[in-house]
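# Report on the structure
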Amino acid sequence: MTNETYNRFVERYQSGELPWADELPPPEVIDLVPTLSPGRALDLGCGYGRTAIYLALHGWTADGVDFVEQAVEEAARRAAAAGVADQTKFYAGSASTPQANDTSYDLAIDIGCMHSFSDELLIEYRDSLKRVLRSGATYLLFVHLRNESPEGRPHGIAKGHVETLFADGFSLDRVEHGTTQVEDRPPWESAWYWFKRN
Ligand SMILES: C[S@@+](CC[C@H](N)C(=O)[O-])C[C@H]1O[C@@H](n2cnc3c(N)ncnc32)[C@H](O)[C@@H]1O
């Protein structure tokens, strides 16, 4: 994690301009839930916890990690309001090395978190996931593919890099390429990946 990335996210939360503040998770999460038996889930870069809370409402126990304190506090508040405080745990920390003593998660979901990691963090992240997911576990990932932000800053993960990174320890079930548009910015390429832990 670079301080610059951390500071940028803290500012985003302070400004309240959060395209991911919706109550419901994306349709890809909603469609996945009925295909799996409930178990233990890890929400990486959980933000306000919409994915972990949705899973908990569908019988899962879910842990959410995010490095922004304000995000995890709000996630815990929303989980309590939804009646799933007992089935969820949110904590402030790094998503590249989630402090999970558990090594048997059945599901990990990352929506828009790891695509801002350095190459070094990406390796750490992949190795952590290998450690905490049980064999056969599902890993759902959404990333922005490399593009330039309006400020000219490169953003997102290079095309093909996700496949290469997770060739170690994971099998790719499915990938869907698409585009993402936020506010009035020009759309950019993005992708969803469905992996299984080997
Ligand atoms: C685009 S937001 C999505 C939030 C959430 N996944 C959702 O879909 O509602 C990405 C989140 O990842 C978090 N994040 C980014 N880098 C992180 C890191 N190294 N460790 C923990 N959280 C991180 C940010 O604070 C932010 O909440």
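Residues numbered from 1 in each chain as written. Predicted model: local features only at pLDDT ≥ 70, side-chain atom pairs only at ≥ 80, totals over all residues. Heavy atoms only, no water.

### A look at the overall build of the protein chain
Put simply, the rule reads: Numbered from the N terminus, helices here are DSSP runs of H or I no shorter than four residues, and strands are runs of E no shorter than two. Restricting the calculation to C-alpha atoms gives the radius of gyration, and the globule rule supplies 2.2 Å times the number of residues raised to the power 0.38. Categorising residues by exposure relies on relative accessible area from a 1.4 Å probe, with only protein chains included: less than 20% of the type maximum marks a residue as buried, more than 50% marks it as exposed, and the intermediate range marks it as partly exposed. Methods summary: accessible areas were calculated by the Shrake-Rupley approach with a probe of 1.4 Å, and residue burial reflects only the protein chains presented. Residues scored as positive are Lys and Arg, those scored as negative are Asp and Glu, and His as well as the terminal groups of each chain are ignored. For this purpose, a charge sits on NZ of Lys, CZ of Arg, CG of Asp or CD of Glu.
Helix and strand counts for the protein chain come out as six helices and nine strands. Expected size for 198 residues packed as a compact globule is a radius of gyration near 16 Å; at 16 Å, the protein chain falls within 12% of this value. Expressed as lengths along the three principal axes of its C-alpha atoms, the size of the protein chain is roughly 45 × 35 × 30 Å. The burial tally for the protein chain puts 48% of its 198 residues in the buried class. Of the roughly 9,600 Å² of accessible surface on the protein chain, a fraction of 49% belongs to carbon and sulfur atoms. Treating the 18 positive side-chain charges of the protein chain as one cloud and the 30 negative ones as another, the clouds have centres 4 Å apart.

### Focus: the pattern of salt bridges
It is possible for side chains bearing opposite charge to pair when their charged atoms get close. Formally: Every case where a carboxyl oxygen of Asp or Glu lies within 4 Å of a side-chain nitrogen of Lys or Arg is listed as a salt bridge.
All told, the structure shown has ten salt bridges when counted by the stated rule. Taking the shortest distance from any N to any O, the salt bridge between D63 and R40 comes out at 3.1 Å. Taken together, the positions of D63 in strand 2 (residues 61–66) and R40 in strand 1 (residues 40–44) put the pair 23 residues apart, joining distant regions of the chain. One salt bridge connects K159 with E189, and the closest N-O pair in it is separated by 2.7 Å. With K159 in the loop between strand 7 (154–155) and helix 6 (161–165) and E189 in strand 9 (residues 188–197), the pair connects residues that are 30 residues apart, well separated along the chain. Owing to a relative accessible area of 56%, K159 belongs among the exposed residues under this scheme.

### Structural notes on the site of the ligand
Heads up, the rule is: To be near a molecule or strand, a residue needs just one of its heavy atoms within 4 Å of it. Whenever a nitrogen or oxygen atom comes within 3.5 Å of another N or O atom, the pair is scored as a polar contact, on the condition that within protein one atom can donate a hydrogen and the other can accept it, and that pairs from neighbouring residues in sequence are kept only if both atoms are in side chains. Gly is put with the polar residues, along with every residue not named as nonpolar or charged; the nonpolar set is Ala, Val, Leu, Ile, Met, Phe, Trp, Tyr, Cys and Pro, and the charged set is Asp, Glu, Lys and Arg.
Neighbouring residues of the ligand: 17 residues in total, closest Y13, G45, R50, D66 and A95. In the environment of the ligand, a nitrogen atom lies 2.7 Å from a nitrogen or oxygen atom belonging to the backbone of G45. For the ligand, the accessible surface in isolation is 590 Å², of which the surrounding protein chains cover 96%. Grouping the constituent residues of the shell around the ligand by class yields ten nonpolar, five polar and two charged.

### Description of the environment of Q70
Heads up, the rule is: Note on contacts: a residue pair qualifies if any of its non-hydrogen atoms lie within 4.5 Å across the two residues.
The residue Q70 is located in helix 4 (residues 69–81) in this model. Here Q70 falls in the partly exposed class, since its relative accessible area comes to 34%. In the structure, Q70 is positioned 57 residues away from Y13 in sequence and 7.3 Å away in space, judged by C-alpha atoms. Apart from residues lying up to four places away in sequence, Q70 is in contact with Y13, Q14 and Y48.

### Things to note about the nonpolar core
The cut-off we apply is this: Among the buried residues, those of types Ala, Val, Leu, Ile, Met, Phe, Trp, Tyr and Cys that are joined through side-chain atoms within 4.5 Å form a nonpolar core.
Ranked by size, the top nonpolar core spans 29 residues in total, and within it M114, Y125, L129, Y139, L141, V143 and F166 carry the most contacts. Mapped onto this core, the elements with two or more residues apiece are strand 1, strand 4 (105–111), helix 5 (119–132), strand 5 (133–144), helix 6 and strand 9. Aside from chain neighbours lying at most four places away, what touches M114 is L122, Y125, Y139, L141, V143, I157, L165 and F166.

### So, the sheet that holds strand 4
Rules: Any two strands are treated as partners once DSSP identifies two or more bridges connecting them. Angles here are taken between N-to-C directions and fall from 0 to 180 degrees, while the axes themselves are lines fitted to C-alpha atoms, restricted in helices to the stretch in contact.
Strands sit in the order 3-2-1-4-5-9-8 across an open sheet of seven strands; the sheet is mixed. Strand pairing shows two members of the sheet lacking a second neighbour, strand 3 (88–92) and strand 8 (170–180), which therefore form its edges. Mean inter-strand twist for the sheet, computed between neighbouring axes without regard to direction, equals 15 degrees. Where strand 8 and strand 9 come together, ten bridges link them in antiparallel fashion. Across the sheet, the residue bridging to R174 is W194, located in strand 9. Each of strand 1, strand 2, strand 3 and strand 4 touches helix 3 (residues 50–57); the most contacted strand, strand 4, lies at about 145 degrees to it.

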